[in-house]
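Close look at the chain arrangement
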Amino acid sequence: MSGDNRFLGLFYLSPYIIGLLIFTTLPFLASLYLSFTNYNLLDQPTFTGLANYIKLFTNDRTFRKSLWVTLIYVFTTVPLKLAFALFIAVILNYKLKAINFFRTAYYVPSILGGSIAVAVLWRYIFADTGLVNMGLALLGIEGVNWFGDPTNALFTITLLRIWQFGSAMVIFLAALQSVDNSLYEAASIDGAGKWKTFVHITLPLITPVIFFNLIMQMVQAFQEFNGPYIITQGGPLKSTYLLPLYIYDEAFKRFDMGYASAIAWVLFVIIMVLTVVAFWSSRHWVYYAGDKRS
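For the structure given in this document, a descriptive report is provided here. (Residues numbered from 1 in each chain as written. Predicted model: local features only at pLDDT ≥ 70, side-chain atom pairs only at ≥ 80, totals over all residues. Heavy atoms only, no water.)

Mapped onto the elements of the fold, D256 is located in the loop between α13 (243-252) and α14 (257-285). Of the side chains with opposite charge, K55 lies nearest to the buried D256, which makes no salt bridge, at 5.0 Å. One polar contact links the side chain of D256 to the main-chain amide nitrogen of Y259, over a distance of 3.2 Å. Not counting chain neighbours up to four residues away, the residues in contact with D256 comprise N38, Y39, E250 and A251. (Helix = DSSP H or I, 4+ residues; strand = E, 2+ residues; numbered from the N terminus. Buried < 20%, exposed > 50% of the residue type's maximum accessible area, 1.4 Å probe, protein only. Lys, Arg positive; Asp, Glu negative; His and termini not counted. Salt bridge = Lys/Arg side-chain N within 4 Å of Asp/Glu carboxyl O. Polar contact = N/O pair within 3.5 Å; in protein donor to acceptor, adjacent residues only side chain to side chain. Contact = heavy atoms within 4.5 Å.)

Let us now look at the pattern of salt bridges. By the definition in use, this model includes three salt bridges. The partner of E250 in a salt bridge is R254, with the nearest N and O atoms 2.9 Å apart. Judged by relative accessible area, which is 7%, E250 ranks as buried. Accessibility expressed as a relative area gives 46% for R254, which makes it partly exposed.

So, on to the packing of helix α3 (residues 61-92) against helix α11 (residues 207-222). It is the contact of α3 with α11, at a shortest axis distance of 9 Å, that shows an interaxial angle of 145°. The handedness of the crossing between α3 and α11 comes out as right-handed. Of α11, the residues touching α3 (which contributes T70, L71, Y73, V74, T77, V78, K81 and L82) are N213, L214, Q217, M218, A221 and F222. Here the residues of the contact of α3 with α11 sort into nine nonpolar, four polar and one charged. (Axes fitted to C-alpha atoms, helices over the stretch in contact; angles between N-to-C directions. Left-handed = near helix turned anticlockwise from the far one by under 90°. Nonpolar A, V, L, I, M, F, W, Y, C, P; charged D, E, K, R; others polar.)

Applying the stated criterion across every chain, the model contains 19 aromatic pairs. With a centroid separation of 5.6 Å and 45° between ring planes, the pair formed by Y248 and F252 is classed as tilted. Residue Y248 and its partner F252 are located together in helix α13, separated by four residues, close to a single helical turn. Residue classification places Y248 among the partly exposed residues on the basis of a relative accessible area of 27%. Three or more aromatic residues link up through ring pairs in this structure, and these residues are W122, F126, W146, F155 and W163. The ring of Y259 has K55 lying over it, and the distance from NZ or CZ to the ring centre is 4.6 Å. (Phe/Tyr/Trp six-rings, centres within 6.5 Å; stacked < 30°, edge-to-face > 60°. Lys NZ or Arg CZ within 6 Å of the ring centre and 35° of its normal.)

And the structure:
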């Protein structure tokens, strides 16, 4: 009977397994092969060995610029987004009036943040005559060229990413609500203030969730495309030219699918290495239930 149940389970899982093989595994392996070829989408791929990778690391200033911008973007947005999401989650964890409304309101941006419509709206909000500069004018402050200055442009794109904190916030909120209240009561009896309670009780107990959000947000940030593409098209002076935009341009504007695949695999390796480093470091700061670390 157990064998029949096992095959029945595989039968129900078969659509997902087939989809995974056809739409994920095969393209994944195909891109690895194409990264060693010269392929323009029209002719047959021509095997070129390591030529794409050699060009990438020795003779491609655009790649180095794009990689640098991507690293700045990721290491700026991820910590700020997690910190802001945790801050809002702590506030929403209190039992306040209409708290469910505020939880929903703060979550909505994470649903809409990656859409084309919101990217277009963001572009108009920070335009020279947009809402932000209109607000600054009312305060007697000269408007800022948000998209014309390289530093301001990257900051604007970064701000859009941080604004999409809702999904991380909801996960943090669930973790905060799972903390045993008896621990807070014991800390209160011992005379611990709210800050010490948060640092020594709340944070250690939710480190597994912090770690999960860190990995998820890091991977998503490395894959960011819609915002920079719609708002700035990678400009000015390629100050917002993230690696996914470079991959897109090489593949679908210059029709160099082999070179685009090589860039994509370099991006994959970077994400994998940083993920491995994060897992290695988690042994020193992530505490799971049942840990007996001093």
